[in-house]
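Single-letter residue listing:
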Protein chains: 2
Amino acid sequence: MHRDRYRLLILLGVMFVGLVSGNPKKTSRNPNIIILFMDDMGWGDPGCYGNEAQETPNIDRLAEQGALFTDFYSAYPMCSPSRAGLMTGRLPIRTGIYTNTHFGRNSVFFPNVTGGLKAEEETIAEILAARGYRNKAIGKWHIGNTEESHPMNQGFHEFFGSNGNHLGPHDNINTPNVEVFRDRDMVGRYFEREFFMNLETGESNLTRLWTEDAIKFIERNQDVPFFLYWAADGTHTPLGAAKEFLGTSQRGLYGDVVRDLDYGVGQIIAKLKELKLHRNTFVFFSSDNGPAGYQGLESGSAGPFMCSKITTFEGGMRVPGIAWWPGVIKRGQIEKEPATVMDLFNTILDITGSEVSNPERPLDGQSLWPLLIDKPKDATLKKNTIFYYRGDGLFAVRVGDYKAHYWTWTLGERFKNIYGDPCSGQYLENFTTDTLTDHNDEPFLFHLGRDPGESYPIKPSTQEYQEQLAIINKARDQHVQSLIGDIGEPQLNICDNGILGWSPHGCEKIDMCLPPIEHNPMPCRWFF
Amino acid sequence: MHRDRYRLLILLGVMFVGLVSGNPKKTSRNPNIIILFMDDMGWGDPGCYGNEAQETPNIDRLAEQGALFTDFYSAYPMCSPSRAGLMTGRLPIRTGIYTNTHFGRNSVFFPNVTGGLKAEEETIAEILAARGYRNKAIGKWHIGNTEESHPMNQGFHEFFGSNGNHLGPHDNINTPNVEVFRDRDMVGRYFEREFFMNLETGESNLTRLWTEDAIKFIERNQDVPFFLYWAADGTHTPLGAAKEFLGTSQRGLYGDVVRDLDYGVGQIIAKLKELKLHRNTFVFFSSDNGPAGYQGLESGSAGPFMCSKITTFEGGMRVPGIAWWPGVIKRGQIEKEPATVMDLFNTILDITGSEVSNPERPLDGQSLWPLLIDKPKDATLKKNTIFYYRGDGLFAVRVGDYKAHYWTWTLGERFKNIYGDPCSGQYLENFTTDTLTDHNDEPFLFHLGRDPGESYPIKPSTQEYQEQLAIINKARDQHVQSLIGDIGEPQLNICDNGILGWSPHGCEKIDMCLPPIEHNPMPCRWFF
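Before going into details, it helps to say that this report is about the structure given with it. (Residues numbered from 1 in each chain as written. Chains lettered and ligands numbered in written order. Predicted model: local features only at pLDDT ≥ 70, side-chain atom pairs only at ≥ 80, totals over all residues. Heavy atoms only, no water.)

Overview of the packing of helix α6 (residues 206–220) of chain A against helix α7 (residues 253–274) of chain A
Residues and elements named next belong to chain A.
Next up, step 1: Direction vectors running N to C along α6 and α7 enclose 10 degrees, while the axes themselves pass 10 Å from each other. In terms of orientation, α6 and α7 fall into the roughly parallel class. Where α6 abuts α7, its residues Thr 207, Arg 208, Thr 211, Ala 214, Ile 215, Ile 218 and Glu 219 lie against Asp 260, Leu 261, Tyr 263, Gly 264, Gln 267, Ile 268, Lys 271 and Leu 272.
Next up, step 2: Considered class by class, the residues forming the contact of α6 with α7 number seven nonpolar, four polar and four charged. (Axes fitted to C-alpha atoms, helices over the stretch in contact; angles between N-to-C directions. Helix = DSSP H or I, 4+ residues; strand = E, 2+ residues; numbered from the N terminus. Parallel < 35°, antiparallel > 145°, perpendicular 65-115°, else oblique. Contact = heavy atoms within 4.5 Å. Nonpolar A, V, L, I, M, F, W, Y, C, P; charged D, E, K, R; others polar.)

Structure, rendered in structure tokens:
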């Protein structure tokens with residue numbers, strides 16, 4: 001008994017030294033990892049990013065106690081490609097999460113798209129699973145409709161959520177309501193039974209369901225390292241918030257949802273603290289792309305940035321990025337280094353001392369860990385280059401504070417007429433272009449420090465323009481070079497209503513099977 | 001000796017009780033007042049308001065330790081009228097700081113404007129002087145060129161700064177360089193000798209001079225209540241920063257200046273702490289109007305708001321507002337109530353238990369004190385209505401979260417061609433209008449909570465529009481009613497180069513007198 005106590009003290013001592021030394025590799029076990037990944041939440045939405053309404057106390061507290069990245073980017077200005085970037089640490093052009101049916105056109109995994117993330121792509125979940133982590137994905141997956149792309153086949157031991165987003169309601173005749181899975185079994189459909197969303201009142205319990213499941217997962221895994229991917233999608237339309245938040249925000253229903261999500265974040269962090277796991281858990285908060293500005297008042301805030309989701313202007317890809325790990329990550333840190341969700345892949349490798357199976361496979365991120373811990377004097381970080389893709393088109397590149405636009409496009413007219421304008425209230429001549437516009441002869445160049453709003457192009461006649469564009473052109477050429485032999489087969493070219501969730505595995509147990517229809521694969525029609 | 005110690009303890013005890021009770025009237029002496037008033041600094045410039053560069057640690061600390069107002073407004077979208085509003089607690093239309101030569105046109109006290117703040121207007125400095133305060137104005141005054149409008153005739157015991165702004169350099173032949181005063185004596189001219197600004201390098205020591213003088217003033221007045229109006233104007237063009245800040249900001253020269261000013265704020269606060277005055281000093285940080293967007297890269301950030309200085313869109317008048325008083329104002333408070341610089345007048349009355357000489361004279365503000373101290377349950381605050389004037393034209397009115405635009409105008413074409421566009425990168429059809437546009441038949445209506453960027457007008461056919469516009473129309477009518485008999489004689493109608501600072505009092509002592517020219521009063525030509 002005494003000897004055991006002695007051993008425990010030594011163990012605790014070792015853990016403590018590991019933690020305060022800031023080197024997580026020295027901790028006695030691998031730290032837990034939680035990624036809180038929002039859907040269409042803008043850079044300007046959390047209070048700590050300056051939102052006028054200041055309604056996110058829990059998210060703000062993460063920043064107060066951790067590190068806030070001012071120049072954080074998604075991997076892509078839309079959902080599916082961006083999430084694939086997070087999971088693999090690789091740009092969508094490499095993983096195949098794009099379409100090449102038309103140059104420079106966006107695509108996402110609507111439920112009838114036949115592709116998905118390929119098995120040969122190695123996800124961060126797979127790497128952590130191999131290290132003994134218990135992994136769970138909650139909420140929106142949206143990285144494919146194939147069997148191999150299912151989260152349970154991409155490294156997660158548990159899954160509670162949907163392959164798609166919660167668009168709807170559908171009629172269950174021409175289109176089935178999107179199905180919700182628990183692990184491999186369908187357990188319901190959006191808009192039905194416990195997964196209800198009331199489009200009239202704006203009430204939904206989805207965020208609550210995702211939160212409760214996250215908390216139970218943490219409780220069950222107090223004694224093993226875990227990886228929780230909490231992809232709560234409340235800020236994606238159709239918007240829905242828990243009843244107690246309806247009408248409480250200054251910002252309307254969208255703000256109610258943000259408050260609901262912020263409350264969920266608070267619950268998760270509170271649980272970590274209650275179980276005394278907070279000093280052994282790396283938490284990162286971010287979003288999959290900029291706000292869905294074309295939704296008008298049902299969208300978030302891009303802060304001072306130009307345009308929003310779907311576009312390669314700053315508003316499309318600049319997102320919140322907050323790292324939290326009390327006692328390890330320096331409190332109240334402001335990090336200005338450009339960084340991306342793909343960097344999280346390398347960062348988690350670094351934190352856990354893991355390695356990829358194939359070191360030859362190109363990664364597009366780098367570990368942010370040297371920035372987050374107290375910096376040793378010799379800490380160096382390769383300056384990040386940001387690549388702004390639209391489909392198979394490399395539209396813009398940022399190196400340092402300078403960003404060059406080779407192509408511009410807001411939205412196709414058809415999309416704009418149906419949905420709305422991603423640049424409402426914003427306009428710059430020949431830049432926020434309604435049609436795909438080629439600027440390769442004379443790219444638009446901006447200094448994002450002096451001009452974060454991309455409103456004052458640097459004149460091509462200046463020395464600054466010539467010098468900086470040469471640097472960016474070189475970075476672009478090197479990047480294009482790196483793609484040789486590593487361009488993924490496009491996964492978003494073929495659509496087939498036959499693959500919709502008519503009768504997924506498990507539907508019979510809950511009496512929710514629908515009669516399947518014939519397969520009819522045809523080219524998807526992407527128009528944005 | 002023992003008895004003295006005992007007395008001291010009682011005194012300290014009384015002070016302590018006064019302070020923690022949150023009722024400043026119970027403090028043993030009147031608290032010091034410091035207003036840190038920036039020039040053309042935008043809502044989006046301080047880090048605590050979300051600026052991407054996060055370069056204002058000292059200003060941010062004020063917010064962390066005090067109260068940050070999200071919906072704070074200047075009294076007017078340009079300098080002189082706004083500053084008159086701060087000093088008098090009254091809208092410029094009442095104090096006469098406007099022109100009526102053309103409807104809805106802006107004007108400021110260029111050095112040849114013959115008018116000024118009238119003696120019958122009661123300034124907050126006059127009220128504090130009557131209570132025994134020692135008052136000093138440092139930096140930019142800009143509320144008139146008449147003798148009666150000089151700060152020394154408007155309640156200040158000391159003055160170090162200029163009546164105008166630091167535009168220039170001039171040739172001292174057709175136009176004299178703007179003169180700098182110490183109290184009533186001219187002590188130099190901008191661009192010359194110690195008041196140098198190097199337009200090539202961007203170096204200027206003005207902020208340093210204003211800071212050093214503020215610190216000396218505080219040191220000299222440790223034992224009497226003082227009022228310091230620190231109107232540092234570094235963020236007004238021509239921009240200039242101290243040498244050690246040049247090239248240090250991610251934001252270019254404008255950012256260097258912001259860093260210089262932030263350093264100055266830090267020095268002033270450090271001096272308060274060093275002298276143990278911080279728990280007896282009310283500090284308020286704000287700006288005179290939105291950023292000078294038409295200056296392009298030489299301007300600040302309006303954050304997510306539409307357009308900038310000179311306009312009645314949100315970017316023209318939404319400014320930072322931070323209240324600081326350790327131990328009295330609640331730490332880390334976020335205050336969403338709309339408030340204005342005119343409210344500071346009433347707030348200071350409230351804090352010091354002062355009263356205006358003529359209670360019949362209308363004031364346009366209200367005390368913010370009930371918001372800042374721990375709120376008693378019965379604390380009520382009349383909801384602020386915000387009036388957006390351009391000259392003699394009431395262009396827009398905000399009640400609650402709703403704002404109606406009766407008139408819109410960005411800038412006259414002449415101004416735009418000479419200077420630039422206050423809405424660069426922003427555009428909304430028939431709203432950001434190049435010419436003066438009358439919307440009285442169907443005002444633009446926005447919900448500033450849901451749509452702070454004024455990009456999604458509420459449709460006139462909706463019930464929401466009808467109901468809210470009726471409320472705003474009523475507020476407008478009541479306001480117009482309140483102006484009867486209280487419209488000030490316009491002070492910015494007549495210009496005369498004969499009144500320029502050719503040979504002000506004191507010029508002979510420093511050998512800087514210039515030969516005066518003949519008086520030649522004529523109507524000023526306002527075109528913006």
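Don't stop here, the text continues.
Observations regarding helix α7 (residues 253–274) of chain B
Next up, step 1: Compared with the 32 Å implied by 1.5 Å per residue over 22 residues, the 31 Å span of α7 of chain B between its first and last C-alpha is a close match.
Next up, step 2: Within two residues after α7 of chain B, Lys 276 of chain B carries a phi angle of roughly 55 degrees, on the positive side. (Expected span 1.5 Å × (residues − 1).)

Focus on the packing of aromatic side chains
Next up, step 1: Taken as a whole, this structure holds 71 aromatic pairs over all chains when the rule is applied.
Next up, step 2: Measuring from centroid to centroid gives 6.1 Å for Phe 69 of chain B and Phe 284 of chain B, while their planes differ by 45 degrees, and the two rings are tilted. In this pair, Phe 69 of chain B sits in strand β2 (residues 67–69) while Phe 284 of chain B sits in strand β11 (residues 281–287), placing the two residues 215 residues apart along the sequence.
Next up, step 3: The buried category is assigned to Phe 284 of chain B, whose relative accessible area is 1%.
Next up, step 4: What links up through ring pairs into an aromatic cluster is the set Phe 110, Tyr 294, Phe 415, Tyr 419, Trp 526, Phe 527 and Phe 528 of chain A.
Next up, step 5: In this structure, Arg 414 of chain A is placed above the aromatic ring of Phe 527 of chain A, and the distance from its NZ or CZ to the ring centre is 3.9 Å.
Next up, step 6: Taking NZ or CZ as reference, Lys 403 of chain B lies 3.8 Å from the ring centre of Tyr 388 of chain B, over its face. (Phe/Tyr/Trp six-rings, centres within 6.5 Å; stacked < 30°, edge-to-face > 60°. Buried < 20%, exposed > 50% of the residue type's maximum accessible area, 1.4 Å probe, protein only. Lys NZ or Arg CZ within 6 Å of the ring centre and 35° of its normal.)

Here we look at the sheet that holds strand β20 (residues 444–447) of chain B
Residues and elements named next belong to chain B.
Next up, step 1: Pairing in this open sheet of four strands is antiparallel, and the strands run β15-β16-β17-β20 from one edge to the other. Strands with a single pairing partner mark the edges of an open sheet, and in this sheet they are β15 (385–390) and β20. For this sheet, the mean angle separating the axes of adjacent strands, direction not counted, is 20 degrees.
Next up, step 2: Sheet topology places β15 next to strand β16 (residues 393–399); six bridges connect them, and they run antiparallel. (Pairing = 2+ DSSP bridges.)

Here we look at the relation of the copies chain B and chain A
Next up, step 1: Mapping chain B onto chain A is achieved by rotating through 180 degrees and translating by 0.0 Å along the same axis, at an RMSD of 0.0 Å. Here the copies are linked by what is in effect a two-fold axis.
Next up, step 2: Both copies share a contact surface, since 100% of the interface residues of chain B are interface residues in chain A too. (Least-squares fit on C-alpha atoms with pLDDT ≥ 70 in both.)

Considerations on the environment of Gly 293 of chain A
Next up, step 1: Along the chain, the position of Gly 293 of chain A falls in the loop between β11 (281–287) and α8 (314–317).
Next up, step 2: In sequence terms Gly 293 of chain A and Cys 307 of chain A are 14 residues apart; their C-alpha atoms lie 7.2 Å from each other.
Next up, step 3: Not counting chain neighbours up to four residues away, the residues in contact with Gly 293 of chain A comprise Ser 299, Ser 308, Asp 421 and Pro 422 of chain A together with Tyr 456 of chain B.

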